[in-house]
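Architecture and fold: a report
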Amino acid sequence: MNEDTEHQTSHIFGIRYMTENFIQGILDDASEIKQNPSKYAEALKGKILSLAFWEASTRTRLSFESAMLRLGGKTLGFSSQAGTSIEKGESLSDTITMLAGYSDCIVLRHPLRGSCKLAAKIADKYGVPVISGGSGSQEHPTQALLDIFTIQEYHHRLSGLNVGIVGDLRYSRTISSLLFALGKFGRNTIYYLSHPSLHLQDELVYDLESTDLEMHKATNLAEIISSLDVLYVTRLQKERFPDPMLYNKVKESYQLRPDLMKAAKEDLIIMHPLPRVDEIPYAIDRFPQAKYFEQAKNGVYTRMAVLNRLIH
Ligand code: NCD
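Anyway, here's the lowdown on the structure attached to this text. (Residues numbered from 1 in each chain as written. Predicted model: local features only at pLDDT ≥ 70, side-chain atom pairs only at ≥ 80, totals over all residues. Heavy atoms only, no water.)

Considerations on helix α4 (residues 115–124)
For α4, the buried fraction is high: 7 of the 10 residues fall into the buried class. The complete set of buried residues in α4 reads S115, C116, A119, A120, I122, A123 and D124. Against the buried residues of α4 lie α3 (92–102), β3 (105–110) and β4 (130–135). (Buried < 20%, exposed > 50% of the residue type's maximum accessible area, 1.4 Å probe, protein only. Helix = DSSP H or I, 4+ residues; strand = E, 2+ residues; numbered from the N terminus. Contact = heavy atoms within 4.5 Å.)

Some remarks on the packing of helix α5 (residues 141–155) against helix α6 (residues 173–183)
One can describe the packing of α5 onto α6 by two numbers: an axis separation of 8 Å at closest approach and a directional angle of 55 degrees. Judged on the interaxial angle alone, α6 and α5 are oblique. Relative to α6, the crossing made by α5 is right-handed. Touching P141, Q143, A144, D147, I148 and I151 of α5 are T174, S177, L178, A181 and L182, all from α6. (Axes fitted to C-alpha atoms, helices over the stretch in contact; angles between N-to-C directions. Parallel < 35°, antiparallel > 145°, perpendicular 65-115°, else oblique. Left-handed = near helix turned anticlockwise from the far one by under 90°.)

Structural notes on the site of the ligand
Every residue near the ligand is listed here: T60, R109, H140, Q143, R173, T174, R235, Q237, P273, L274 and P275. With respect to the ligand, the backbone of P273 contributes an N or O atom lying 2.9 Å from a nitrogen atom. Protein contact buries 94% of the 310 Å² of open area that the ligand shows by itself. A breakdown of the residues in the shell around the ligand according to their chemical character gives 3 nonpolar, 5 polar and 3 charged. (Near = heavy atom within 4 Å. Polar contact = N/O pair within 3.5 Å; in protein donor to acceptor, adjacent residues only side chain to side chain. Areas by Shrake-Rupley, 256 points an atom, 1.4 Å probe, with all protein chains shown as cover. Nonpolar A, V, L, I, M, F, W, Y, C, P; charged D, E, K, R; others polar.)

Describing the sheet that holds strand β7 (residues 214–217)
Taken in spatial order, the 5 strands of this open sheet run β7-β6-β5-β8-β9, and their pairing is parallel. Whereas interior strands pair on both sides, the edge strands pair on one side only; in this sheet they are β7 and β9 (269–271). Looking at each pair of strands side by side, their axes are set apart by 20 degrees on average, direction ignored. Bridge count for strand β8 (residues 230–233) against β9 is 3 bridges, and the pairing is parallel. What sits directly across from Y232, in β9, is M271. (Pairing = 2+ DSSP bridges.)

Examining the pairing of strand β5 (residues 162–166)
The buried fraction of β5 amounts to 4 of the 5 residues, a majority that puts the element mostly inside the structure. Summarising the sheet, β5 and strand β6 (residues 189–193) pair through 5 bridges and their orientation is parallel. Of the residues in β6, the one forming a bridge with V166 is L193. Note on the crossover from β5 through α6 to β6: the handedness is right-handed. Note: β5 against β8, 4 bridges, orientation parallel. Residue pairing across strands places V163 opposite V230, the latter belonging to β8. (Right-handed = clockwise from strand over helix to strand, strands pointing away.)

Structure (structure tokens):
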């Protein structure tokens, strides 16, 4: 639950605003739902979820849809601006006002910073919760929930872990949410590895200083892989890259080559929010440590838990 007192309804903007208790509650619910899905088949019968996606998405949109359907509810929405009145110039606030009248909860993906807070302020008047499905390069809270659910499932703990984060640390919203989530569960050691132009944003590093995370800069994967419990790889966010020349120059650095796996621990888990591009070759899929598809599937259970808590 967000600690933003401005709103009476519960909204989900970012992991940084959630209490540890609320997060743990979602993880517990998700694990109960994963074990007994049929028990929840009618939990949200008669309810409607809006999926308002201004940006491309496969997993977030479809796993929210699957989650709502598995809870007995229904969905409506759009997956791009094409074919909607946004193309005619309709504002975010007018679109949200309308969706608040059509549905019981809104999942919003939008490229602009602050978009989710604005939407929540509007939907709040109608008692309709808003959930961020990813806002700009800022936060992707439900992705972080499914990420830590997956980590807990394999490692049975969320502290004392050595976590490698690799790829585009500057523009990846999944990375910032994951770090805030891990920062809430005690001491974890983070080894971060990226091209210098894609390092963590200064603002994020500053905000993380109040957590117990121990941050170490790594220079290559070979140097860290043997000590890792979790390796979290991200693609380069081409659409947020200011310079296409630079994108082409760095896109193949930081690839997880199969030969690097010789040094990996048996219980290492390799994660990726997906979609992958070049950073995890298909040859890695046959290693037992590859968990990214299980991680994506966990998105359904985690989002079922979130919807079940927020929609009344
Ligand atoms: C991520 C996103 O949209 O931020 N994808 C996802 O939701 N699973 C990661 C990405 O696009 O690279």
